[in-house]
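Here is how the chains run, residue by residue.
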Amino acid sequence: MSSNTASTALTKCIACGSSDLWKYLDLGAQPPSNDFPTMEAMHEERRYPLSVQLCRSCGLSQLTHLVPSSEIFSDYAYLASSSKPLREHYAVMVYDILKRFTPPEGSICLDVGANDGITLSAYPSGKFRTVGIEPSSAGKVAREKGFAIIDRFLDHEAVELLKEQYGQAHIITATNVLAHIPNLPKAVECVQACLHENGVFVAEFPYYIDTMEQLYFDTIYHEHVSYLTLTPLVKVLNKAGLRLFDAARVAFGASGPALRIYCCLAESPYQMTDGLKTLLDEEEAWGITRETQYKKFSSNVFSVKTELVRVIDCLIRKGQNVGVMSAPAKGNTLLNFCGLDRSKLVAVAENNARKIGHVTPGSHIPIVDDETFLAMKIDYALLLSWNYADFFLHHSEFAKRGGKFIIPLPQPHIVPT
Ligand SMILES: [Zn+2]
């Protein structure tokens, strides 16, 4: 672990460099949400401010403090392929991209932030030359599956390596990656440098307008440095010689509903779609650089906290046993912000072997396997993976045995009623 463990205050916008930053949401001091400690190590956790500020110049929301990357990636427990719905989602995404843009056989298809190879594995085998960029330990898993992985962050060295060893890419994908990158302009420059003249860059991320409207504030955690909308992105992309030509909402993504964007080189012939024009107009009408909507969002987030704590306290007072279903990174923002810890929630059920036997960061709730959880006679489970609510309701053994779920967002409620 690096000796540098202090956070860095962001005093200039990571997209446009402006100092006109305004903090509007404070979620308290929290440990990195992907670092699930053991019982022995849990008291050594470091906490960092988790607050969001708006750049009133370009409209980008971003954290007020950066956590050192050594704190985030040192014990990275997230393997995307462990989720079947996510595997299916990326399979459909790759199918749609190949159908729409028909890259020639043998083209380079690059996935930035390849994780364990979830998106690369969606390409038909042998038809394209797939390569991933992945600095975390998840990249080792991808390599073991046989994927070519450049083992570093997306930087100029990674671009040179790609160009030397493979060439420029016809398709570049980056799902749930852009928001993680502290130097957004540099990353976008790197994408531009990797992109073939006829190439397309497709990125997917939680759409921050929807995050705010639906109160999905649990997608705010230290790993996510910025909270993306189209207006600030257009400026960053254009400056790097890229052009946004299409965008669309997708109902399902790694952290809930997402936005998918399509970009090409500035001089490429792709026409801007009506769908993109509409979204940009909507952002302007919504007030992307003005304070009003952000104040409303912050106030609503605190209302959800009050209500969720009330619902859980009420169940506990009635003698009900309350646990937690699944331990995604985003769930930790919710638990820590709401002060929900092991004094109220007895255990978390999780099927990721790398998390079982550990505790949730900050809230220190023991993580157990499904069987142990079922044996604990838990009546209600707070569902942190609320984006998989349908799956859990219809397929989990907990639900089949009569267990009920507390869905925290957008408004806390219990299902089945
Ligand atoms: Zn800015």
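In this text, all values refer to a predicted model and were calculated from it rather than measured experimentally. (Residues numbered from 1 in each chain as written. Predicted model: local features only at pLDDT ≥ 70, side-chain atom pairs only at ≥ 80, totals over all residues. Heavy atoms only, no water.)

Draft legend 1. Quick peek at the coordination of the zinc ion. At the metal site, the zinc ion is ligated by C13 (SG), C16 (SG), C55 (SG) and C58 (SG), and these contacts range over 2.3 Å. Bound by 4 donor atoms, the zinc ion shows angles of 103 to 116° at the metal and therefore tetrahedral coordination geometry. Motif for the zinc ion, donor spacing along one chain: C-x2-C-x38-C-x2-C. Remark: C55 occurs in strand β3 (residues 48-55) and C13 occurs in the loop between β1 (8-9) and β2 (21-30); sequence separation between them is 42 residues. Accessibility assignment for this pair places C13 and C55 in one class, buried. (Donors = N, O, S within 2.8 Å, 3.2 Å for Na, K, Ca; no water. Tetrahedral: all angles 85-135°; square planar, octahedral: opposite > 155°, others 65-115°. Helix = DSSP H or I, 4+ residues; strand = E, 2+ residues; numbered from the N terminus. Buried < 20%, exposed > 50% of the residue type's maximum accessible area, 1.4 Å probe, protein only.)

Draft legend 2. Local environment of the pattern of salt bridges. Counting across every chain of the model gives 15 salt bridges. E291 is paired through a salt bridge with R56; the nearest N and O atoms lie 2.5 Å apart. In this pair, E291 is assigned in the loop between α8 (274-286) and α9 (292-317) and R56 in the loop between β3 and β4 (61-63), connecting sequence segments 235 residues apart. Owing to a relative accessible area of 22%, E291 belongs among the partly exposed residues under this scheme. R56 gets classed as partly exposed once you look at its relative accessible area, which sits at 30%. Note that R260 is salt-bridged to E204, the shortest N-O span being 2.8 Å. Linking R260 in strand β13 (residues 258-265) with E204 in strand β10 (residues 195-205), this pair joins segments that are 56 residues apart in sequence. With respect to class, R260 is no different from E204; both count as buried. Several salt bridges share partner residues, and in doing so they unite D20, R56, E291 and K295 into one network. (Salt bridge = Lys/Arg side-chain N within 4 Å of Asp/Glu carboxyl O.)

Draft legend 3. Here's a closer look at the environment of V141. Tracing the backbone through its elements, the reader meets V141 in helix α3 (residues 138-144). On the accessibility criterion, V141 (22% relative accessible area) is partly exposed. Each C-alpha atom, one on V141 and one on L79, is 8.6 Å from the other, the two residues being 62 residues apart in sequence. Not counting residues within four places of it along the chain, the set of residues in contact with V141 comprises L79 and D116. (Contact = heavy atoms within 4.5 Å.)

Draft legend 4. View of helix α10 (residues 329-338). In terms of residue burial, α10 counts as a mostly covered element, since 10 of its 10 residues are buried. By the burial criterion, the buried members of α10 are A329, K330, G331, N332, T333, L334, L335, N336, F337 and C338. Lining the buried residues of α10 we find β2, β3, α9 and β17 (380-383). Remark: G339 follows α10 within two positions and exhibits a positive phi of approximately 65°.

Draft legend 5. Broad picture of the nonpolar core. Ranked by internal contacts, the top residues of the largest apolar core, which has 135 residues, are F217, I220, I261, F297, L382 and F405. Take this core: its biggest share by element is 9 residues, from α9. Setting aside residues no more than four positions away along its own chain, I261 makes contact with F201, V202, A203, F205, L230, L233, L244, D246 and A247. A114, L120, A142 and I149 belong to the second largest nonpolar core, which has 5 residues in total. (Core = buried A, V, L, I, M, F, W, Y, C linked by side-chain atoms within 4.5 Å.)

Draft legend 6. Broad picture of the domain arrangement of the protein chain. One can read the domain layout of the protein chain as domain 1 (80-292) and domain 2 (305-415). One C-alpha centre belongs to domain 1, the other to domain 2; they are set 31 Å apart. Each partner contributes residues to the interface: domain 1 has 18 residues there, and domain 2 has 13 residues. The junction of domain 1 with domain 2 conceals about 1,300 Å² of combined surface from both sides, 65% of it contributed by carbon and sulfur atoms. Among the residues of domain 1 in contact with domain 2, Y216, F217 and D218 are the three that bury the most area, contributing 40% of the side total. Summed over the shared surface of domain 1 and domain 2, the number is 0 salt bridges. Classifying every residue of the side of domain 1 that touches domain 2 by side-chain character gives 10 nonpolar, 7 polar and 1 charged. (Domains from an automatic or database assignment. Buried area = accessible area lost by both parts, 1.4 Å probe. Nonpolar A, V, L, I, M, F, W, Y, C, P; charged D, E, K, R; others polar.)

Draft legend 7. Inspection of the sheet that holds strand β18 (residues 404-407) at higher detail. With mixed pairing, 6 strands are arranged side by side in an open sheet as β16-β15-β14-β17-β18-β19. What marks the edges here is a single partner per strand, and that holds for β16 (367-368) and β19 (413-415). For strand β14 (residues 322-325) and strand β15 (residues 348-349), the ladder comprises 2 bridges, and the chain directions are parallel. Within the sheet, the bridge partner assigned to V324 lies in β15 and is V348. (Pairing = 2+ DSSP bridges.)

Draft legend 8. Layout of the side chain of N352. Structurally, N352 is set in the loop between β15 and β16. What makes N352 buried here is its relative accessible area of 10%.

Draft legend 9. Structural view of the sheet that holds strand β7 (residues 129-133). With respect to topology, 7 strands assemble into an open sheet ordered β8-β7-β6-β9-β10-β13-β12, the strand pairing being mixed. On the outer flanks of this sheet lie β8 (148-150) and β12 (242-250), each paired with one strand and no other. The average undirected angle you get between the axes of adjacent strands in this sheet is 20°. Bridge analysis of β10 against β13 gives 5 bridges, and the strand direction is antiparallel. Paired with E204 across the strands is R260, a residue of β13. (Axes fitted to C-alpha atoms, helices over the stretch in contact; angles between N-to-C directions.)

Draft legend 10. Geometry of the pairing of β10. Burial of β10 is extensive: 8 of the 11 residues sit out of reach of the surface. Sheet topology places strand β9 (residues 169-175) next to β10; 6 bridges connect them, and they run parallel. When the sheet's bridge partners are listed, A169 is paired in β10 with L195. In the classification by handedness, the crossover that spans β9, the intervening helix α5 (residues 184-194) and the parallel β10 is right-handed. (Right-handed = clockwise from strand over helix to strand, strands pointing away.)

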